[in-house]
Amino acid sequence: MTEPADSAVSRLLAIMRRLRDPDAGCPWDREQTFATIAPYTVEEAYEVADAIARDDLPALKDELGDLLFQVVFHARMAEETQAFAFADVVDAVCAKMERRHPHVFGTAEQRGAIASAADQTAAWERHKERERAQAGPAGTLDGVPIALPATTRAVKLQRRAARVGFDWPDAAPVLDKVAEELDEVRREMAGGMARDRLKEELGDLLFACANLARHLDIDPEAALRQGNAKFERRFRWIERRLADQGKTPDAVGLDALEALWQEVKRAETR
């Protein structure tokens, strides 16, 4: 039988305290800091996303537990310095959710004011803007985390700029911008491939592609993950086909690999 949530969380908090105990804890856990744990936190968030993408609910349960443990770990380290504790984290997010959902938790006049998910997304952004304004003067692009995946951060920066009018009216000129940036890359390659310049132009091209995805209402991270999955699926098919012939990819040459690639593409589009 599943134990009550409050009891389960209390048990997890007790485990974390024990792991960090200066005398009887785990040597590895005791020596960690916010900075050393942060990469694991990011990794666990990606593993949650991976389990969702694979529609693997047992794995999702495990990965959510791992991610929750990361929150508990950070909260415990903060509590040791008397900065805040796990309960403060929970209280803060509860207050934020209630504050940003007045149509659910607010007055009778406020409840029911949001008619759709799109309305709530817009309202959420307005709440965030007000909260940032109350925190003090800030630039339009302030507060977009540097550690986000690059394409995700690009979209967030573009959305911020769009709110003050710095944006293309639709996707067509963005597509032209992608073509322009691709031409810049070609020129750098033709001019001898100065590495710093080429890197800069590739960055501009990727930024423009992220902007195009935003205008098409497509998550560029999700699109690239789908592209990765397609490549992996097709390449594994090639490996299996060659293995049936007693061959390996590195032994047959590019022309043969390309022929097999076209074969699997045709098979998938029938």
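Just above, that's the structure.
Residue numbers restart at each chain and count upward from 1, following the sequence in its written direction. Only residues with pLDDT of at least 70 get local features here, since the model is predicted, and only at 80 or more are side-chain atom pairs given and counted; chain-wide, interface and lining totals rely on the full set of residues. Only hydrogens and water are set aside when side-chain values are computed; all heavy atoms of the structure are taken into account.

## With respect to helix 3 (residues 34–53)
Line of reasoning, step 1. Under the 1.5 Å per step criterion, the end-to-end length of helix 3 is 28 Å for 20 residues, consistent within 8% with the ideal 28 Å.
Line of reasoning, step 2. Every buried residue belonging to helix 3 is among Ile-37, Glu-44, Val-48 and Ala-51, and all of these are buried. Along the long axis of helix 3, the arc covered by the buried residues comes to 65°, so they all point the same way. Away from its buried face, by an angle of more than 90 degrees, helix 3 presents the exposed residues Ala-35, Pro-39 and Ala-53.
Line of reasoning, step 3. Should any heavy atoms of two residues lie within 4.5 Å, those residues are considered in contact. The way it works is that DSSP assigns letters per residue, a run of H or I at least four long becomes a helix, a run of E at least two long becomes a strand, and they are numbered from the N terminus. Contacts made by the buried residues of helix 3 are with helix 2 (27–30) and helix 4 (57–80).
Line of reasoning, step 4. Positive phi appears at Asp-55, one or two residues downstream of helix 3, with a value of about 55°. The span one expects for a helix is its residue count, reduced by one, times 1.5 Å. When accessible area is computed with a 1.4 Å probe and restricted to protein chains, residues below 20% of their type maximum are described as buried, those above 50% as exposed, and intermediate ones as partly exposed. Regarding the arc, it is the one traced by the directions from the helix axis to the C-beta atoms.

## As for the pattern of salt bridges
Line of reasoning, step 1. We define a salt bridge as a contact between a side-chain nitrogen of Lys or Arg and a carboxyl oxygen of Asp or Glu at a distance within 4 Å. The final tally for this structure, using the stated rule, is 17 salt bridges.
Line of reasoning, step 2. Notably, a salt bridge pairs Glu-232 with Arg-236, separated by 2.8 Å at the nearest N-O pair. Of the two residues, Glu-232 and Arg-236 both sit in helix 11 (residues 220–244), 4 residues apart, roughly one turn of that helix.
Line of reasoning, step 3. With a relative accessible area of 40%, Glu-232 lands in the partly exposed category.

## Re the side chain of Gln-32
Line of reasoning, step 1. Along the polypeptide, Gln-32 turns up in the loop between helix 2 and helix 3.
Line of reasoning, step 2. Excluding its chain neighbours within four sequence positions, the residues that come into contact with Gln-32 are Arg-20, Ile-37, Phe-73 and Met-77.

## Notes on the environment of Ala-172
Line of reasoning, step 1. Among the structural elements, Ala-172 can be located in helix 9 (residues 171–190).
Line of reasoning, step 2. Along the sequence, Ala-172 and Leu-216 sit 44 residues apart, while their C-alpha atoms lie 10.0 Å from each other.

## Topic: the environment of Gln-120
Line of reasoning, step 1. Its location among the elements puts Gln-120 in helix 7 (residues 117–134).
Line of reasoning, step 2. Given a relative accessible area of 14%, Gln-120 falls into the buried group.
Line of reasoning, step 3. Separated by 87 residues in sequence, Gln-120 and Phe-207 place their C-alpha atoms 27 Å apart.
Line of reasoning, step 4. Apart from the residues within four sequence positions on either side, Gln-120 is in contact with Arg-100, His-101, His-103 and Ile-114.
Line of reasoning, step 5. Two N or O atoms count as a polar contact when they lie within 3.5 Å, although within protein this holds only if one can serve as hydrogen donor and the other as acceptor, and sequence-adjacent residues are included solely when both atoms are side-chain atoms. A polar contact is formed between the side chain of Gln-120 and the side chain of His-103, at a distance of 3.5 Å.

## Observations regarding helix 8 (residues 150–163)
Line of reasoning, step 1. Between its terminal C-alpha atoms helix 8 stretches 20 Å, which fits the 20 Å expected from 14 residues at 1.5 Å a residue.
Line of reasoning, step 2. Of the residues making up helix 8, those classed as buried are Ala-154, Val-155, Leu-157, Gln-158, Arg-160 and Ala-161.
Line of reasoning, step 3. Of the residues flanking the end of helix 8, it is Gly-165, one or two places downstream, whose phi is positive at about 95°.

## Focus on the packing of helix 8 against helix 10 (residues 195–215)
Line of reasoning, step 1. As a rule, the C-alpha atoms of each element are fitted with a line to give its axis, helices using only the stretch in contact, and angles between N-to-C directions run from 0 to 180 degrees. At a closest axis distance of 9 Å, the pairing of helix 8 and helix 10 adopts a crossing angle of 65°. Between helix 8 and helix 10, the interaxial angle falls into the category roughly perpendicular. Helix-helix and strand crossings are classified by hand; for helix 8 and helix 10 the assignment is right-handed. The residues of helix 10 that touch helix 8, namely those facing Thr-151, Ala-154, Val-155, Gln-158, Arg-159 and Ala-162, are Phe-207, Ala-210, Asn-211 and Arg-214.
Line of reasoning, step 2. Across the contact of helix 8 with helix 10, the residue classes tally to 5 nonpolar, 3 polar and 2 charged. Roughly parallel means an angle under 35 degrees; roughly antiparallel, over 145; roughly perpendicular, 65 to 115; everything else is oblique. Rotating anticlockwise by less than a right angle from the far helix to the near helix defines a left-handed crossing, while the corresponding clockwise rotation defines a right-handed one. Each residue receives one of three labels: charged for Asp, Glu, Lys and Arg, nonpolar for Ala, Val, Leu, Ile, Met, Phe, Trp, Tyr, Cys and Pro, and polar for the others, Gly being one of them.

## A closer look at unusual backbone geometry
Line of reasoning, step 1. Its identity as a non-glycine residue notwithstanding, Asp-55 has a phi of 55°, on the positive side.
Line of reasoning, step 2. When you line up the elements, Asp-55 lands in the loop between helix 3 and helix 4.
Line of reasoning, step 3. Of note in the backbone geometry, Asp-217 takes a positive phi value of approximately 60° without being a glycine.
Line of reasoning, step 4. Residue position: Asp-217 is located in the loop between helix 10 and helix 11.

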